[in-house]
Amino acid sequence: MILTVVAGVITDSSGRVLITQRRADVPFAGCWEFPGGKLNPQEAPLAGLARELTEELGITLTAAQPLITVHHDNPLTQRRLWLSVYRVTAYHGQPNGCEGQPLRWCDPQTLDPAEFPPLDRPVIRALQLPNLSLITPEPTGDVAAFVRQLERALQTGIQLVQLRAKSLTDGEFAQLAQQVSGMCQQYSAQLVFNRPLASLQRGTFNAIAHHGWHLTAADLSQLTQRPTAPALLGVSCHTAADLRHAAQVEADYALLSPVQPTRSHPDAQPLGWEQFSQLVATANLPVYALGGVGREHLIHAQQCGAQGIAAIRGLWRDQSQHQATAA
Ligand SMILES: Nc1nc2c([nH]c(=O)n2[C@H]2C[C@H](O)[C@@H](COP(=O)(O)OP(=O)(O)OP(=O)(O)O)O2)c(=O)[nH]1
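The numbering scheme is per chain: residues are counted from 1 as the chain's sequence reads. Where totals are concerned, whole chains, interfaces and linings use all residues; where local detail is concerned, this predicted model gives features only for residues with pLDDT of at least 70, and gives and counts side-chain atom pairs only at 80 or more. Hydrogen atoms and water are omitted, and side-chain values are computed over all heavy atoms in the structure.

Once that is clear, we can look at the sheet that holds strand 7 (residues 103-106). One open sheet holds the 3 strands; their spatial order is 3-2-7, and the pairing between them is antiparallel. Of all strands in the sheet, those bounded by a partner on one side alone are strand 3 (32-33) and strand 7. Whether two strands pair comes down to DSSP finding at least two bridges between them. The secondary structure listing takes helices from DSSP runs of H or I that are at least 4 residues long and strands from runs of E that are at least 2 residues long, numbered from the N terminus. Two elements, strand 2 (residues 17-21) and strand 7, share 4 bridges in a ladder whose sense is antiparallel. Within strand 7, the position partnered with Ile-19 by the bridge is Arg-104.

Now the structure itself:
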């Protein structure tokens, strides 16, 4: 049996999101959740969301966009629950706990998955992650120029940076990472290191503040559970099996590639947007589109269910810089 639940993320003018507490006499009693509920038979998702938000909060929904859809199979009840979460982008009225439920407005970065039903974990991650993810190109020797260009990219609003420098030794990487980490902190951007799993597990870069890990699909396949060390764990995926494994080890997000033909991997067979959306639909974690994409593909990627796009070339220098360089 399939049960479909819709929920809405309502945001106030300072970016805080509204969460509500579940009653004591229902499953997941006392947990916090995003307001919403079960769809009625034949009910369209947005109509169901509008009904639930009126019943629970006394507001009138006028616009919403998909954020993420996640699912859970319960082997005991043989029930699959689909939870589709929308960002509420416009509504009328003032939210109230119409059913006596407590309400809280929270900074998304402070949401604690332990206070929510387990299915909300990827939903919370989706709220905490930006929609653009920069992968740095291979550094070519001039570290100062590399860091300057990174700063320009951060100034365009990049909030998630993957430092990828395959040609550097661990020692060289650590030196560069110190500077990159300082720069990312200055712009409040999240930073992940793309290094072999063994180096990351050895704690080679532990002295460098506040970084997460990014693992290749090959390294992901070595994991049997989420490593305890990084606060943020990103993984590269190319297949449905990779995505399943990423969700099993509770990675925070995946980069799924290549969506389109790309110069960096000319021999790889592109997924195309249709297959990309099919894979994202059951991924159970936030997924970025990677491979031959840039900012101009962001809206399309999100329409395909993605968190956003990840790119090297497409985000390292933005279009205006390209034009300035060309001119
Ligand atoms: N609304 C909501 N439900 C969630 C979230 N996360 C999550 O696992 N769920 C699950 C819990 C429940 O199994 C199911 C929602 O069912 P529910 O019984 O609360 O829905 P409802 O409001 O239609 O309740 P009712 O009228 O039938 O009493 O979805 C979430 O963030 N929001």
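So much for the structure itself; the text now carries on.
For the rest of this paragraph, the subject is the pairing of strand 11 (residues 211-215). A regular strand places its side chains on the two faces of the sheet in alternate fashion. Strand 11 sits mainly inside the fold: 5 of its 5 residues count as buried. Partly exposed describes any residue whose relative accessible area lies between the buried limit of under 20% and the exposed limit of over 50%, with all areas from a 1.4 Å probe on protein chains only and scaled to the type maximum. Here strand 11 shows two buried faces, one formed by His-211, Trp-213 and Leu-215 and the other by Gly-212 and His-214. Bridging between strand 10 (residues 190-194) and strand 11 involves 4 bridges; their strand directions are parallel. Across the sheet, residue Leu-191 finds its bridge partner in strand 11, namely His-211. Taken together, strand 10, helix 5 (residues 197-202) and strand 11 form a β-α-β motif whose crossover is right-handed. When strand 11 meets strand 12 (residues 233-237), the two strands line up parallel, connected through 3 bridges. In the sheet register, His-214 faces strand 12, and the bridge partner there is Gly-234. Place the viewer so that the strands point away; then a crossover is right-handed whenever the path from the first strand over the helix to the second strand goes clockwise.

Now for the pattern of salt bridges. Salt bridges are defined as contacts in which a side-chain nitrogen from Lys or Arg sits within 4 Å of a carboxyl oxygen from Asp or Glu. Following the criterion strictly, the structure yields 13 salt bridges and no others. When the shortest N-O distance is used, the salt bridge between Arg-51 and Glu-43 registers 2.8 Å. For the pair Arg-51 and Glu-43, one class covers both residues: buried. Through salt bridges with shared partners, a single network forms among Glu-43, Arg-51, Glu-52 and Glu-55.

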